[in-house]
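Single-letter residue listing:
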Amino acid sequence: SRPALLALLQAIGDEDEAVRRAAVAALGRLGSQAREAVPALIGTLRDDGLREAAAESLVRIGLPAVPGLLDAVQHGTSVVRWQAAEALTRIGRAS
């Protein structure tokens, strides 16, 4: 539901990493219904503690995440570029 999605998006900005991680994982469980969360999840690729969970959630969202991931492949940080490329590869295999 929209209120739940908005609450999860807000939780991504929480001070507590455990709360952020839980929100990122929950968004991934929503799959393509969480397409609105793609920009926020792309942003979390820069967070060392959330990078892998964010990439997994983006893979679960699938094709709606592709444009954001393509932008992330251009990011200045190599680990963000790699994680985005890996997520794109996994989405491609699943399609």
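The structure reproduced in this document is the subject of the present report. (Residues numbered from 1 in each chain as written. Predicted model: local features only at pLDDT ≥ 70, side-chain atom pairs only at ≥ 80, totals over all residues. Heavy atoms only, no water.)

## Observations concerning the nonpolar core
In step 1: Counting 29 residues, the largest nonpolar core has Leu27, Leu41, Leu45, Leu58 and Leu69 as its most contacted members.
In step 2: When residues of this core are traced back to their parent elements, those giving at least two are α1 (2–11), α2 (17–29), α3 (38–44), α4 (51–61), α5 (66–72) and α6 (78–94).
In step 3: If one sorts the elements of this core by residue count, α4 sits on top with 6 residues.
In step 4: In contact with leucine 27, other than residues within four places in its own chain, are Leu5, Leu8, Leu9, Ile12, Ala34, Ala37, Leu41 and Ile61. (Core = buried A, V, L, I, M, F, W, Y, C linked by side-chain atoms within 4.5 Å. Buried < 20%, exposed > 50% of the residue type's maximum accessible area, 1.4 Å probe, protein only. Helix = DSSP H or I, 4+ residues; strand = E, 2+ residues; numbered from the N terminus. Contact = heavy atoms within 4.5 Å.)

## Things to note about α2
In step 1: Under the 1.5 Å per step criterion, the end-to-end length of α2 is 18 Å for 13 residues, consistent within 8% with the ideal 18 Å.
In step 2: All of the buried residues in α2 are Arg20, Ala23, Val24, Ala26, Leu27 and Gly28.
In step 3: The secondary structure elements touched by the buried residues of α2 are α1, α3 and α4.
In step 4: The N-terminus of α2 is capped by aspartate 16, whose side-chain oxygen sits 2.8 Å from the backbone nitrogen of alanine 18.
In step 5: Looking at the residues trailing α2, positive phi occurs at glycine 31, about 60 degrees. (Expected span 1.5 Å × (residues − 1). Polar contact = N/O pair within 3.5 Å; in protein donor to acceptor, adjacent residues only side chain to side chain.)

## So, the environment of alanine 65
In step 1: Relative to the helices and strands, alanine 65 is located in the loop between α4 and α5.
In step 2: Those residues in contact with alanine 65, other than ones at most four positions away along the chain, are Val38, Leu58 and Ile91.

## Notes on the pattern of salt bridges
In step 1: Taken as a whole and judged by the stated rule, the model has 6 salt bridges.
In step 2: One salt bridge in this structure joins arginine 21 and glutamate 17, with 2.6 Å as the shortest N-O distance. On the criterion of helical spacing, the pair formed by arginine 21 and glutamate 17 is a turn pair, its members being 4 residues apart in helix α2.
In step 3: Residue class for arginine 21 comes out partly exposed when judged on its relative accessible area of 35%.
In step 4: Put simply, aspartate 47 and arginine 20 hold a salt bridge, and the shortest N to O gap is 3.6 Å. One end of the pair, aspartate 47, is in the loop between α3 and α4; the other, arginine 20, is in helix α2, with 27 residues separating them in the sequence.
In step 5: Three or more residues joined by partner-sharing salt bridges are found here, namely Glu56, Arg60 and Arg90. (Salt bridge = Lys/Arg side-chain N within 4 Å of Asp/Glu carboxyl O.)

Everything listed here is a matter of geometry and, on its own, says nothing about what the molecule does.
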